[in-house]
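The chain contents come next:
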Amino acid sequence: MSVALNYQLSILGQYSISPTPEIVTTLMTAINRETNEVFLPNIINCQQIEIPSNKITIRPNLGFVSQDQKYSIIMLNDRIDINYNRIPNIDIEMGGFYTLAKNALSAIMRDLNLFANRLAINVQMLLEFEDTDKLRDLGKDLIKGAQYYSDKVFCEWSTRINSQSSIQIADGCEKINVIAEISTAQAIQEQKPAILYHIDINTLPLNTGMRFNYESISPFVESAMPVARQLINDIERLISDERRNDSKRSTGTKR
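These figures come from a predicted structure and were not determined experimentally.

Thresholds applied
- Residues numbered from 1 in each chain as written.
- Predicted model: local features only at pLDDT ≥ 70, side-chain atom pairs only at ≥ 80, totals over all residues.
- Heavy atoms only, no water.
- Helix = DSSP H or I, 4+ residues; strand = E, 2+ residues; numbered from the N terminus.
- Expected span 1.5 Å × (residues − 1).
- Buried < 20%, exposed > 50% of the residue type's maximum accessible area, 1.4 Å probe, protein only.
- Contact = heavy atoms within 4.5 Å.
- Polar contact = N/O pair within 3.5 Å; in protein donor to acceptor, adjacent residues only side chain to side chain.
- Salt bridge = Lys/Arg side-chain N within 4 Å of Asp/Glu carboxyl O.

Caption draft 1: The arrangement of helix α1 (residues 21-35) in detail. Its 15 residues place the ends of α1 21 Å apart at the C-alpha level, agreeing with the 21 Å of an ideal helix rising 1.5 Å per residue. Those residues of α1 lying buried are Val24, Leu27, Ala30, Ile31, Asn32 and Thr35. Residues of α1 that are buried sit in contact with β2 (39-50), β3 (55-66), β4 (71-75) and α2 (94-112). Directly after α1, the chain includes asparagine 36, whose backbone phi takes a positive value near 60 degrees.

Laid out in structure tokens, this is it:
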């Protein structure tokens, strides 16, 4: 069974959100109302290099953190991210997070009259393995390596796939990247061998027009979520099939 390490919903663009008391109060009220959670403000100081003087300045960026520490909102110059980061012994359903995230992000964009040129969903999952040898065998089965590696033991491995598709957002058709990355990792607890897989669904960077508004968030999430769920199911089924095949091969060898 996979464990969710991170869920993220993002907009990309050009933003300058000063953490004034008025903006902080307005956003906190709107976010808490739309999510039924308690978010508290969090000021994040970031370094910024001014061109052409190369002078480094400190810029305060506004953020919010839920009272239980499960969710965070980060507002930077070029993007706004809403995150779920795993807390031990606390799991949430993916659909529940993205409902909360789209409500919060829509409220931020609506109240500040923000637009975006890209939208993105990221999912990061971890799946533990019984031992390192089985993890290495999976890599051999999934990846067609150079001849050099045919008789070698894999210390680590990874694979990345991107396929472009189209979804409907409001009245327009948008092309999206659908990226899946699978790699070796270690589980956070007990340092067990594991598979880390990352799904990134995002609108293409070629169109830089600030065409997405607060009404774009819900249709994007509703279109992207079935894709993310199918990929998760496909990856877990692939790994499960390889585990069964490996078990059959081991049984055959013992005979």
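Caption draft 2: Representation of the side chain of glutamate 174. Tracing the backbone through its elements, the reader meets glutamate 174 in strand β8 (residues 172-186). Residue glutamate 174 is classed as buried on the basis of its relative accessible area, which comes to 14%. Here the side chain of glutamate 174 touches arginine 211 through a polar contact of 2.8 Å, side chain to side chain. Other than its neighbours up to four places away in sequence, glutamate 174 contacts Ser165, Ser166, Ile167, Ile169, Thr203, Arg211 and Phe212.

Caption draft 3: Region of the structure containing the pattern of salt bridges. The final tally for this structure, using the stated rule, is 11 salt bridges. Residue lysine 102 pairs with glutamate 222 through a salt bridge whose shortest N-O separation is 3.4 Å. Of this pair, lysine 102 sits in helix α2 while glutamate 222 is found in helix α4 (residues 217-254), placing the two residues 120 residues apart along the sequence. Close ionic contact of glutamate 181 with arginine 160 constitutes a salt bridge, the shortest N to O distance being 3.9 Å. Here arginine 160 lies in strand β7 (residues 158-169) and glutamate 181 lies in strand β8, a separation of 21 residues in the sequence. A relative accessible area of 53% means that arginine 160 is categorised as exposed.

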